[in-house]
Amino acid sequence: MTRYVILRLLQAVGVLWAAFTVSFGVLYLLPADPVQLAIGANPGVAVDPAAVAEMRARYGLDKPVWHQYWTALEHAVRGDLGHSLGTGESVTGALGQALPSTLALAALALGLAAVLGTTLALAAAYTERRWLSGLLTALPPIGASAPTFWVGLILLQLFSFRLRLFPAFGGTGFGGTVLPAVTLAIPVGAVIAQVLYSGLAGTWRQPFVEVAFAKGASRWWVQLRHVLRPALAPALSVAGVWVGTVLAGSVVVETVFSRAGIGRLTQTAVLAEDIPVVQGVVMVTAVAFVLVNLAVDLVHPVLDPRLAREFRRQGRGAGAGVYRPARRGVAG
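What you see is a predicted model; the values in this text were computed from it and never measured.

A. Layout of the packing of helix H1 (residues 2-28) against helix H4 (residues 65-77). With their axes 11 Å apart at the nearest point, H1 and H4 run at an angle of 140° to one another. Classed by the angle they form, the pair H1 and H4 counts as oblique. The hand of the H1/H4 crossing is right-handed. On H4, the residues that touch Trp17, Phe20, Thr21, Phe24 and Tyr28 of H1 are Val65, Gln68, Tyr69, Ala72, Leu73 and Ala76. Split into classes, the residues belonging to the contact of H1 with H4 amount to 9 nonpolar, 2 polar and no charged.

B. Structural view of the pattern of salt bridges. Tallied over the full model, the rule gives 1 salt bridge. Among the salt bridges present, the one from glutamate 74 reaches arginine 78, with a minimum N-O distance of 3.5 Å. According to the relative accessible area criterion, arginine 78 is exposed, its value standing at 56%.

C. Summary view of the packing of aromatic side chains. Scanning all chains against the criterion turns up 5 aromatic pairs. Ring geometry for phenylalanine 20 and tyrosine 69: centres 5.8 Å apart, planes at 50°, overall tilted. Here tyrosine 69 lies in helix H4 and phenylalanine 20 lies in helix H1, a separation of 49 residues in the sequence. Per residue, the accessibility class of phenylalanine 20 equals that of tyrosine 69, and both read buried. When the centroid spacing of 5.1 Å and the interplanar angle of 85° are considered together, the rings of tyrosine 126 and tryptophan 220 count as edge-to-face. Of this pair, tyrosine 126 sits in helix H5 (residues 91-126) while tryptophan 220 sits in helix H10 (residues 219-256), and the two are 94 residues apart along the sequence.

D. Structural context of a nonpolar patch on the surface. Judged by side-chain polarity, Phe149, Trp150, Leu153, Ile154 and Val252 come together as a nonpolar surface patch covering roughly 490 Å² of accessible area. For the nonpolar patch, the element with the highest residue contribution is helix H7 (residues 148-162), accounting for 4 residues. With respect to the helices and strands, valine 252 occurs in helix H10. Overall, the relative accessible area of 37% leaves valine 252 in the partly exposed class.

E. The environment of leucine 136, seen in detail. When you line up the elements, leucine 136 lands in helix H6 (residues 130-145). Distance in space between the C-alpha atoms of leucine 136 and alanine 121 is 7.9 Å, their sequence separation being 15 residues. Setting aside anything within four residues of it in sequence, one finds leucine 136 in contact with Leu120, Ala123 and Ala124.

F. Spotlight on the nonpolar core. The biggest cluster of nonpolar side chains holds 36 residues, and the ones touching the most others in it are Leu196, Leu200 and Val222. Broken down by secondary-structure element, the contributors of at least two residues to this core are H5, H7, helix H8 (173-204), helix H9 (207-214) and H10. Per-element tally for this core: the top contributor is H10, with 11 residues. Those residues in contact with valine 222 that lie beyond four places of it in its chain are Trp204, Val209, Ala212, Phe213, Ala217 and Val227. In this structure, Ala94, Ala98, Val277 and Val278 belong to the second largest nonpolar core, which totals 12 residues.

Reading the values: rules and limits
- Residues numbered from 1 in each chain as written.
- Predicted model: local features only at pLDDT ≥ 70, side-chain atom pairs only at ≥ 80, totals over all residues.
- Heavy atoms only, no water.
- Axes fitted to C-alpha atoms, helices over the stretch in contact; angles between N-to-C directions.
- Helix = DSSP H or I, 4+ residues; strand = E, 2+ residues; numbered from the N terminus.
- Parallel < 35°, antiparallel > 145°, perpendicular 65-115°, else oblique.
- Left-handed = near helix turned anticlockwise from the far one by under 90°.
- Contact = heavy atoms within 4.5 Å.
- Nonpolar A, V, L, I, M, F, W, Y, C, P; charged D, E, K, R; others polar.
- Salt bridge = Lys/Arg side-chain N within 4 Å of Asp/Glu carboxyl O.
- Buried < 20%, exposed > 50% of the residue type's maximum accessible area, 1.4 Å probe, protein only.
- Phe/Tyr/Trp six-rings, centres within 6.5 Å; stacked < 30°, edge-to-face > 60°.
- Patch = residues over 30% accessible without salt bridge, like charges linked within 9 Å, V, L, I, M, F, W, Y side chains within 5 Å.
- Areas by Shrake-Rupley, 256 points an atom, 1.4 Å probe, with all protein chains shown as cover.
- Core = buried A, V, L, I, M, F, W, Y, C linked by side-chain atoms within 4.5 Å.

And the structure:
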């Protein structure tokens, strides 16, 4: 188990380094000049060369590419993501102001997606009526294929403009987070439902299910106690992968609902080609993605006892070369 954890930690570090390197390379290759955009230069308008040179020197943009990369990487390891080219504000401070709203939105969206997806999959796997099971399993593909911005506009039209139950734009607190969270939760919950139902359907055909029925257990008890646990592992992996999708989808959702957060910060930074802010957003998203997936990997052995037994078997084999059973008080 220790080797498994160390391997996952090394993979997490590798993913973060790759995210930083790729984002740095892509942003450096942009054709526009971020300094010219930051000082508000228009085409055909003369700009003081001294001011441009001073700004390049201040942000280290006058150095070779490898020097810029190494300096940025060294500072990022220490938690310093630099300063915005447009405002001069610390990127860490800007992210700290925008992150709580987006985290609240993402947490509520993932919670709703887990509840909706799990409920739908359990109901579809539990029922013995074919028409009802077919109807329930037909809903996830519809939810997964619906565009996020379209779902958001439909929810706005129905619950804000017609029923007036939730604020339409710029809402704060729980009431202002419900519609954006539901917009993000629908596609994620649909994918969770698809994967979990597939796992449940496969587990229902295992021999130990018949043994549980033979002992007198009810269908609901068998599903919750024996079928659900091994079927959760793939669905949990999918939920971990979709964390990055939820954070990326917040850009669209926060734009549709006019919410302040990482989405609006990203939109503003991309339009201004504010490289430090954009890279800061990329790194925050990568860190969230890596941490969630690391937690999912560590939970897998708890959900699936076969993995825990495999870790113990490998540990014994690695320690002694050959497995030797413990000596008892009386031989054989």
